[in-house]
Amino acid sequence: MNGEITIISCGAERTYLPNVDDHRLEKTDVLAGSKRLLSEYPDFSGKKFILGADTTQTVETLCDLAIQGRQVVVLASGDALFYGIGGTFSRLPAGRLEQFNLSIRPAPTAFQSLFARLKLPWEKARFFSLHQDDRIPVREILSAPLAVIYGGSRINAVQAAAALVESFPEYGTRPAVLAENLGFNNERINTAPLKDIVLIECGPISMLVLLENSGKDECPPLALGLGLENDFYEHEKGLITSPEIRCAALAKLRLPPAGVLWDIGAGSGSVGLEAAALRPRMEVHALEKKPQRVVQIKENAKRLGVANIYIQTGTAPDGFSTFPQPQRIFIGGGGEHLEKILEAGFAALKPDGIIVVAAITMEALAQLSTWRPENCLEAVQISVARMTELAGKY
């Protein structure tokens, strides 16, 4: 007979923890949860499993035990389905889930308890979790009128605040709240400007809330990450797509809200980076053959405050063979291999996808004019004239 896994959301308050005589615990063979939650049940006689930063193997073990007929209870902090262990179980293959009974009990999660204490509505809030990734979507966080950032063992809330201020120091005056260990004896809530939050020490069980940015200390809005001046980016000897061409290329790409974009021959990364800034739910995969330019792309990503770009050193077309299937491809370089890159790109492209090529040299233009004319929707020639100071005059 198949067993059962019951996931009990314990909220952010001790009052939501199940009692030791709870009927769900009385018939339990296996109890899993964080060290803090398991410490509430020192007399539990069954087997205990600690859920740490990497839970994948533990979840598989718990599933095997349930399939063998064991009764498993998983204690989840907050609500199990809000950046919690419940999501790990729900993403298991359907065939796996059918081998045992799974039930999930909800509870108010940490941010709900915090906003109740602050007496603030939260329907406008954007939520970010730093539990699984070291990348911090700085621009996306700062652009939100009300942002909630869940810290963890990788990056706690204060470290997240430091990353925000480091990237955009002018946002140091934005009002913020640091919350730690909600619902426990060592609970702490601090309200202060972001630059002062950075000076506080905190542990992994922490949240950072960026409050609405208004009043006399209102921070300037972040500039749209589109057509930024060349001086904004690190680049090699002027090898960068000009702002006007970037704008045109991104317009022609017709970027969807989410999906995958390839930036081939990325150079400074300016086109892919601005696509990442415009579409934070899109994955941008950049390929650049020169290692020093890859370093520049990473620095430029930090400056722009985007976390959804993935950079690889290599040459096309072999270098993008491991990339996920794209909806869009931008080719900023190709040289003598341009036709091979186009062949491989079209083979990988999803139906109704778009490829945009920036043809800088006459050779590239000649190749594009003769290669698969049936696939060419349009060719656009762009001339850019800039007014600059010369001998004291414009």
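Structure shown above.
Along each chain, residues carry numbers from 1 onward, in the same order as the chain's sequence is written. Two thresholds apply to this predicted model, a pLDDT of at least 70 for residue-level local features and 80 or more for giving and counting side-chain atom pairs, whereas whole-chain, interface and lining totals are computed over all residues. The basis for every side-chain value is the complete set of heavy atoms in the structure, and neither hydrogens nor water enter the calculation.

A. Fine view of the sheet that holds strand 9 (residues 188-193). Pairing between strands is defined by DSSP: at least two bridges between the two strands are required. Where helices and strands are cited, they refer to DSSP runs of H or I of at least four residues and of E of at least two residues respectively, numbered from the N terminus. If you trace the five strands from one edge of the open sheet to the other, you get 6-7-10-8-9, paired in mixed fashion. Strands at the two margins of the open sheet, each flanked by one partner only, are strand 6 (126-129) and strand 9. Pairs of neighbouring strands in the sheet enclose a mean axial angle of 15 degrees, with direction left out of account. Alignment of strand 8 (residues 175-180) against strand 9, held across six bridges, turns out to be antiparallel. By the bridge assignment, leucine 178 is partnered in strand 9 with asparagine 190. Helix axes are fitted only over the stretch in contact, all axes being lines through C-alpha atoms; the angle between N-to-C directions runs from 0 to 180 degrees.

B. Highlighting the packing of helix 11 (residues 270-278) against helix 12 (residues 291-304). Remark: helix 11 packs on helix 12, axes separated minimally by 10 Å, with the N-to-C direction vectors making an angle of 30 degrees. With respect to each other, helix 11 and helix 12 are oriented roughly parallel. Our pair here, helix 11 against helix 12, has a crossing hand that is right-handed. Of the residues in helix 12, those in contact with Leu273, Glu274 and Ala277 of helix 11 are Ile297, Asn300, Ala301 and Leu304. Under the grouping applied here, Gly and all other residues not named as nonpolar or charged are polar, the nonpolar ones being Ala, Val, Leu, Ile, Met, Phe, Trp, Tyr, Cys and Pro and the charged ones Asp, Glu, Lys and Arg. Along the lines of polarity and charge, the residues of the contact of helix 11 with helix 12 split into five nonpolar, one polar and one charged. For this classification, under 35 degrees means roughly parallel, over 145 means roughly antiparallel, 65 to 115 means roughly perpendicular, and everything else is oblique. Handedness of a crossing is defined here by the sense of rotation of the near helix relative to the far one, left-handed for an anticlockwise turn of less than a right angle and right-handed for a clockwise turn. Only heavy atoms matter for contacts: two residues are in contact if any of them lie within 4.5 Å across the pair.

C. Molecular detail of the nonpolar core. Counting 30 residues, the largest nonpolar core has Ile149, Leu208 and Leu210 as the members making the most contacts within it. Broken down by element, this core gets its largest block of residues, seven residues, from helix 8 (residues 157-167). Beyond its immediate sequence surroundings of up to four residues, isoleucine 149 is in contact with Phe128, Leu130, Ile141, Ala160, Ser206, Met207, Leu208 and Leu210. Listed in part, the 25 residues of the second largest apolar core include Ala249, Leu250, Ala276 and Val306. Residue types Ala, Val, Leu, Ile, Met, Phe, Trp, Tyr and Cys, when buried and joined through side-chain atoms within 4.5 Å, form a set referred to as a nonpolar core. Summary of the burial criterion: residues with accessible area below 20% of their type's maximum are buried, those above 50% are exposed, and those between are partly exposed, where the area comes from a 1.4 Å probe applied to protein chains only.

D. Local environment of the pattern of salt bridges. By definition here, a salt bridge exists when the distance from a side-chain nitrogen of Lys or Arg to a carboxyl oxygen of Asp or Glu is within 4 Å. A complete count under the given rule lists 16 salt bridges for this structure. Where lysine 252 meets glutamate 378, a salt bridge forms, and the shortest distance between an N and an O atom there is 2.9 Å. On the criterion of sequence distance, the pair formed by lysine 252 in helix 10 (residues 243-253) and glutamate 378 in the segment after helix 14 (362-370) is long-range, its members being 126 residues apart. One salt-bridge network, held together by shared partners, links Glu60, Asp64 and Arg96.

E. Looking closely at the sheet that holds strand 5 (residues 101-105). Reading across the sheet, the five strands line up as 3-2-4-1-5 and stay open at both edges, with parallel pairing between neighbours. The open sheet has two free edges, formed respectively by strand 3 (47-50) and strand 5, since each of these has just one partner strand. Across the sheet, the mean angle separating the axes of adjacent strands is 15 degrees when strand polarity is ignored. Taken strand by strand, helix 3 (residues 56-67) contacts strand 1 (4-9), strand 2 (30-33), strand 3 and strand 4 (71-76), and its axis lies near 155 degrees from that of strand 3.

F. Broad picture of helix 13 (residues 338-348). Where helix 13 is concerned, the buried positions are Leu338, Ile341, Leu342, Gly345 and Ala348. End-on, the buried residues of helix 13 take up no more than an arc of 130 degrees, which puts them together on one face. Looking at helix 13, the residues exposed on the side facing more than 90 degrees away from the buried face are Lys340 and Ala347. Here the arc refers to the set of directions running from the helix axis out to each C-beta atom.

G. Examining the environment of alanine 344 more closely. Secondary-structure assignment places alanine 344 in helix 13. The exposure class assigned to alanine 344 is partly exposed, which follows from its relative accessible area of 24%. A sequence separation of 307 residues divides alanine 344 from leucine 37, and the C-alpha atoms of the two residues are 52 Å apart. Setting aside its immediate chain neighbours within four residues, alanine 344 contacts Pro317 and Phe320.

H. Examining helix 10 more closely. Every buried residue of helix 10 is accounted for by Pro243, Arg246, Ala249, Leu250 and Leu253. Projected down its long axis, helix 10 shows its buried positions confined to an angular sector of 125 degrees, all on one face. The secondary structure elements touched by the buried residues of helix 10 are strand 11 (258-264), helix 11, strand 14 (328-331) and strand 15 (354-357). In the stretch just after helix 10, arginine 254 is the one whose phi turns positive, near 50 degrees.

I. Summary view of the side chain of glutamine 327. Within the secondary structure, glutamine 327 sits in the loop between strand 13 (309-313) and strand 14. Pairs of N or O atoms within 3.5 Å make up the polar contacts considered here, provided that, within protein, one atom can donate a hydrogen while the other can accept it, and that residues adjacent in sequence are counted only when both atoms are side-chain atoms. One polar contact links the side chain of glutamine 327 to the main-chain amide nitrogen of valine 260, over a distance of 2.6 Å. With sequence-adjacent residues up to four places away left out, glutamine 327 is seen in contact with Gly259, Val260, Leu349, Lys350, Gly353 and Ile354.

J. Seen up close, the pairing of strand 11. For strand 11, the tally of buried residues reaches six of seven residues, placing the bulk of the element in the interior. Of the pairings in the sheet, the one linking strand 11 to strand 12 (residues 281-288) comprises seven bridges and is parallel in character. When the sheet's bridge partners are listed, glycine 259 is paired in strand 12 with methionine 282. Note on handedness: a clockwise path from strand one over the helix to strand two, with the strands aimed away from the viewer, defines a right-handed crossover. For the segment spanning strand 11, helix 11 and strand 12, crossover handedness is right-handed. Pairing of strand 11 with strand 14, which is carried by four bridges, proceeds in the parallel orientation. Residue aspartate 263 lies in a different strand from strand 14, and its bridge partner there is phenylalanine 330.

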